[in-house]
Amino acid sequence: MSGSSRTRAVVAAYSAAGALLVAGPLLAPGYLLLRDAVSTPRNYATDAALGLGDAAPRAVPQDALLAALTSFADGGLVVKAILLVALWAAAYGAATLARELLRASLGPQLVAATVALWNPYVAERLLQGHWSLLAGYAALPWTALAAYRLRGTATAKRRRRILSNTPASADTTEPTPHAEPLGTPDTIDHPSEAPADTTGNGPRSETAVPAEAPATTHHVSDRASRVAPTEAREHTGSTGRAEPPLATRHPPGHRGGAAESPWQPAAPGSSHCSDDTAPADSAEHPRNSVPTGTAGEGGSNRLSVTAAPRATVRTASTWAALAGSLAAAGLTPTGALLAGVTAFALVHRRQLAATFVLWLAASAPWLAATALSGAGAEPSDPAGIAAFAARAEPGLGTLGSLAGLGGIWNAEAVPDSRTIPLAAIGTLALLAIVVLGVRSVATGGPDPDNRHVRRALLLLAVIAILFPTLGATAWGMHALEWLVAHVPGAGLLRDTQKYAALAMPAFALCAAAGCAVTARRLSRADATTDRPATASPATTATVTAVFVALLVLPLYDLAWGVGGAVRPVHYPAGWQQVAARMDGPGDVAVLPGGMFRKFRYSGAAPVLDPAPRMLPNDVLQTGELPVRGRTVSGEGARAREVENLLLHGGPPADLARLGVGWILVERTTPGPLGASASTLAQVERVYEDPDLALYRVPGVIERGAPTTAQRWVAAAAHVLWGASLIAGPVVVLGARARLHRRARN
């Protein structure tokens, strides 16, 4: 296994260990049932699952995906698997982004992974039950990576011209993004070009290319491409340690610019990136170009012809990767918005139209459901703005809480460590680590694509913190209240703290760069030479351990299911009996009134009623949310009418007229029952146990059901989303296999 492969394996294993440490309790049998998180043994493809119910399609395409998967797999396993993969992907994706954009070595990559995984945003959203939102959160670094690689395909000629004019003697290292972009990291080798080393750790062996590499390298043959990585790797000097490429070495006695520059090349004898160092090439092979004139007469034409399919395959795989990342984020509407904003900010302007088409495909389920049902097109209750505004945590204020990736609206959905002064300590530690690397991420290098992506991510981070901060002010709430009252669909903006997720990629990059900068400064203080260019491995390892400890210890209770709160539960057997007995038409009305429950088996926190996902018929829900002592109205007008009718003891005939064919009474949860006993006495009881009772309403009149055409359109939108989700990794893996076959030939 090569050094780079070992590094990636270590980072992947570290990310997996972190994900298991966070969500370890979910490995036990059972189902996730905590506040908004509801997993059940089996989901059903009801109209509500397609987003065609009375309420806004907030859980689309999540519910339809679970309905499809749970037809052959247990729903508890599916949800837990998605959550664990999301946590791993967030950490590993952040590390990969740092490796690609900053050429970070192992230590800084681990710091980036820790920032992405171990922060208040993850803890609070886990406690709130937003497992599907965390899938969108995890897709952000992968979306940024795919957009960065795509941007390189649109500006390849200009980038080569800029870099070919960069003097080799300048105190910079070439920051070239991959001219041959791919879908996901680690899936296709990119021997030609490399991103900039902004960490100060020296060039990565498998990607470093000298600044004066000619533009003709774009037309090399497959054979030449296989030679290029070897010729581009660091030269190993007599010390046995990695040295910079010959084209970037300084003459004896050269001191160059300040050692703080994030673009300073590695000094001879540095072993900081030894984990990625390849075997040495002989000094006779020049590092400043790839041989292109050895094919004989007319060889250049043949080289260009053979290179074209490779570029086409890799470009196609990168578009597929972006489509897959957007679709993974599109598990919820908010996730689709987060990934869409990231992609639009990073791709080249000539790629915006195609990116928008991919985003539409990833968002097709909830966009189609909104247009077909009309529920999401209605203005939202302005009371939701104040109810869901970001909240200040102890000693931090709203701005400080959000800058520390905390501040969720629900004060009960926070770990204990965020309710004491330790929250301020953890936030200061995170921000200090981030600030150490801001300058390195924001400056340096002649490559405009790499520079644009890093600066755009920094700008997104600033906006992601300021937007919910301003949204929590009096005038900000007034503006948002007007927006949701007059603009259909603007209700997606009411939980503004969700959008702090956009800061994660930049925070991870800055933390990685901060680790490298700190290690380099400490190495300089201990060095016998005047200005060491890179940090020693021991110093980097020490700084990495200190940074990880500073990030983890203040939020110690994120471990093991946020202090044991995120754990599986077991449903009573009566739920399956109720689902089996529901063999007739009509929607389901549920008692007690309201959408939230407190069962004896679900713990102390309120949970969403599992009935809509547990039963094969549509369950009427008002959409009303009790938040901070107030009630935020929902879109379920018919459900509200049915609930009022039940609580006032209305006749069953009126329920049948409203399309109600069943009444489910959940006996072990508190809530209003009103005069419903009068209604229940007039209908047939089908099933009863200590937890549940099911009643059949005679003479149901089905009303307001979606048409067959609407169902087909909604289903087609879900198929389009699913195709985007599956095609991404399939195309990327196929492209990798194809290119590797060519390399062997």
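All values reported here derive from a predicted model rather than from experimental measurement.

## A closer look at the overall build of the chain
Okay, step 1: Scanning the chain for helices and strands turns up 25 helices and 13 strands.
Okay, step 2: A total of 745 residues make up the chain; the buried ones form 59% of that total.
Okay, step 3: In the chain, the share of contacts with a sequence separation of at least 24, taken over all contacts with a separation of at least 6, comes to 80%.

## With respect to the sheet that holds strand β11 (residues 660-666)
Okay, step 1: The strand order across the open sheet formed by four strands is β6-β11-β13-β12, and the pairing between neighbours is mixed. Bordering the open sheet on either side are β6 (587-591) and β12 (684-688), each of which pairs with just one other strand. Across the sheet, the mean angle from the axis of one strand to that of its neighbour is 25°, orientation sign disregarded.
Okay, step 2: Sheet topology places β6 next to β11; five bridges connect them, and they run parallel. Residue pairing for β11: Leu-591 is matched across the bridge by Val-665.

## Things to note about the pairing of β12
Okay, step 1: Two elements, β12 and strand β13 (residues 692-696), share four bridges in a ladder whose sense is antiparallel. Along β13, the bridge assignment pairs Glu-684 with Arg-696.
Okay, step 2: In this structure, the hairpin formed by β12 and β13 is closed by a connection of three residues.

## Digging into a nonpolar patch on the surface
Okay, step 1: Together, Leu-399, Leu-459, Val-462, Ile-463, Leu-466, Leu-470 and Trp-475 make up a nonpolar patch on the protein surface, roughly 680 Å² of accessible area in all.
Okay, step 2: A total of five residues in the nonpolar patch trace back to one element, the largest contributor, which is helix α15 (residues 448-471).
Okay, step 3: As for its position among the elements, Val-462 is in helix α15.
Okay, step 4: Given a relative accessible area of 44%, Val-462 falls into the partly exposed group.

## Observations concerning α15
Okay, step 1: Counted at 1.5 Å a residue, the expected span for α15 with its 24 residues is 34 Å, and the 34 Å between its end C-alpha atoms agrees.
Okay, step 2: Near the N-terminus of α15, the side chain that reaches the backbone nitrogen of Asp-449, with its oxygen 3.2 Å away, is that of Asp-447.

## A look at the pattern of salt bridges
Okay, step 1: Taken as a whole and assessed by the stated rule, the structure comprises 17 salt bridges.
Okay, step 2: Measuring nitrogen to oxygen at the nearest pair gives 3.0 Å for the salt bridge that ties Asp-495 to Arg-125. A residue pair is termed long-range when its members are at least 10 positions apart, and Asp-495 in the loop between α16 (474-486) and α17 (504-526) and Arg-125 in helix α5 (residues 120-128) qualify at 370 residues.
Okay, step 3: Here Asp-495 falls in the buried class, since its relative accessible area comes to 6%.
Okay, step 4: For Arg-125, a relative accessible area of 0% corresponds to the buried category.
Okay, step 5: A salt bridge links Asp-587 to Arg-638; its shortest N-O distance comes to 2.7 Å. With Asp-587 in strand β6 and Arg-638 in helix α22 (residues 637-647), this pair connects stretches of sequence that are 51 residues apart.

## With respect to the nonpolar core
Okay, step 1: Ranked by size, the top nonpolar core spans 120 residues in total, and within it Leu-126, Trp-131, Tyr-137 and Leu-457 carry the most contacts.
Okay, step 2: Considering every element that reaches this core, the biggest residue donor is helix α3 (residues 75-102), with 17 residues.
Okay, step 3: In this view, Leu-457 contacts Leu-97, Leu-101, Ala-144, Leu-346, Pro-505, Ala-506 and Leu-509; residues no more than four positions away in its chain are not counted.
Okay, step 4: With 34 residues, the next largest nonpolar core counts Ala-387, Val-607, Leu-608 and Val-686 among its residues.

## Things to note about the environment of Gln-62
Okay, step 1: Considering the arrangement of structural elements, one finds Gln-62 in helix α2 (residues 62-69).
Okay, step 2: For the pair Gln-62 and Pro-365, spaced 303 residues apart in sequence, the C-alpha to C-alpha distance is 9.6 Å.

## So, unusual backbone geometry
Okay, step 1: Residue Val-60 is joined to Pro-61 through a cis peptide bond whose omega torsion reads 5°.
Okay, step 2: On the secondary structure map, Pro-61 appears in the loop between β2 (37-38) and α2.
Okay, step 3: Cis geometry is found at the peptide bond from Leu-591 to Pro-592, where omega equals 0°.
Okay, step 4: Mapped onto the secondary structure, Pro-592 falls in the loop between β6 and β7 (596-597).
Okay, step 5: Positive phi, normally seen in glycine, also occurs at Arg-35, with a value near 50°.
Okay, step 6: Looking at the element boundaries, Arg-35 is found in the loop between β1 (31-34) and β2.
Okay, step 7: The phi dihedral of Trp-560 falls on the positive side, at around 55°, and the residue is not glycine.
Okay, step 8: Within the element layout of this structure, Trp-560 appears in helix α19 (residues 559-564).

## Considerations on the packing of aromatic side chains
Any aromatic ring pair is given by two values, namely how distant the centres are and how the planes are angled relative to each other.
Okay, step 1: In the structure shown here, the tally under the stated rule is twelve aromatic pairs.
Okay, step 2: Look at Phe-344 and Phe-356: their rings are 6.3 Å apart centre to centre, the planes differ by 40°, and that puts the pair in the tilted class. Residue Phe-344 is located in helix α10 (residues 333-346), and its partner Phe-356 is located in helix α11 (residues 352-373); the two are separated by twelve residues in the primary sequence.
Okay, step 3: Among the residues examined, Phe-356 registers a relative accessible area of 40% and is labelled partly exposed.
Okay, step 4: Both rings, one in Phe-356 and one in Trp-359, keep their centres 6.0 Å apart while their planes meet at 20°; by these two values the pair is stacked. Placement of both Phe-356 and Trp-359 in helix α11 is noted, with a separation of three residues, approximately one turn of the helix.
Okay, step 5: On the accessibility criterion, Trp-359 (11% relative accessible area) is buried.
Okay, step 6: Joined through ring pairs, the aromatic side chains of Tyr-31, Tyr-571, Phe-599 and Tyr-601 make up one cluster.

## So, the packing of α15 against α16
Okay, step 1: Where α15 contacts α16, the two axes come as close as 6 Å, and the packing angle between them is 90°. As judged from the angle between their axes, α15 and α16 are roughly perpendicular. Contacts between α15 and α16 pair Phe-467, Leu-470 and Gly-471 from the former with Trp-475, Gly-476, Met-477 and Leu-480 from the latter.
Okay, step 2: Here the residues of the contact of α15 with α16 are counted per class, giving five nonpolar, two polar and no charged.

The rules behind these values
- Residues numbered from 1 in each chain as written.
- Predicted model: local features only at pLDDT ≥ 70, side-chain atom pairs only at ≥ 80, totals over all residues.
- Heavy atoms only, no water.
- Helix = DSSP H or I, 4+ residues; strand = E, 2+ residues; numbered from the N terminus.
- Buried < 20%, exposed > 50% of the residue type's maximum accessible area, 1.4 Å probe, protein only.
- Contact = heavy atoms within 4.5 Å.
- Pairing = 2+ DSSP bridges.
- Axes fitted to C-alpha atoms, helices over the stretch in contact; angles between N-to-C directions.
- Patch = residues over 30% accessible without salt bridge, like charges linked within 9 Å, V, L, I, M, F, W, Y side chains within 5 Å.
- Areas by Shrake-Rupley, 256 points an atom, 1.4 Å probe, with all protein chains shown as cover.
- Salt bridge = Lys/Arg side-chain N within 4 Å of Asp/Glu carboxyl O.
- Expected span 1.5 Å × (residues − 1).
- Polar contact = N/O pair within 3.5 Å; in protein donor to acceptor, adjacent residues only side chain to side chain.
- Core = buried A, V, L, I, M, F, W, Y, C linked by side-chain atoms within 4.5 Å.
- Phe/Tyr/Trp six-rings, centres within 6.5 Å; stacked < 30°, edge-to-face > 60°.
- Parallel < 35°, antiparallel > 145°, perpendicular 65-115°, else oblique.
- Nonpolar A, V, L, I, M, F, W, Y, C, P; charged D, E, K, R; others polar.

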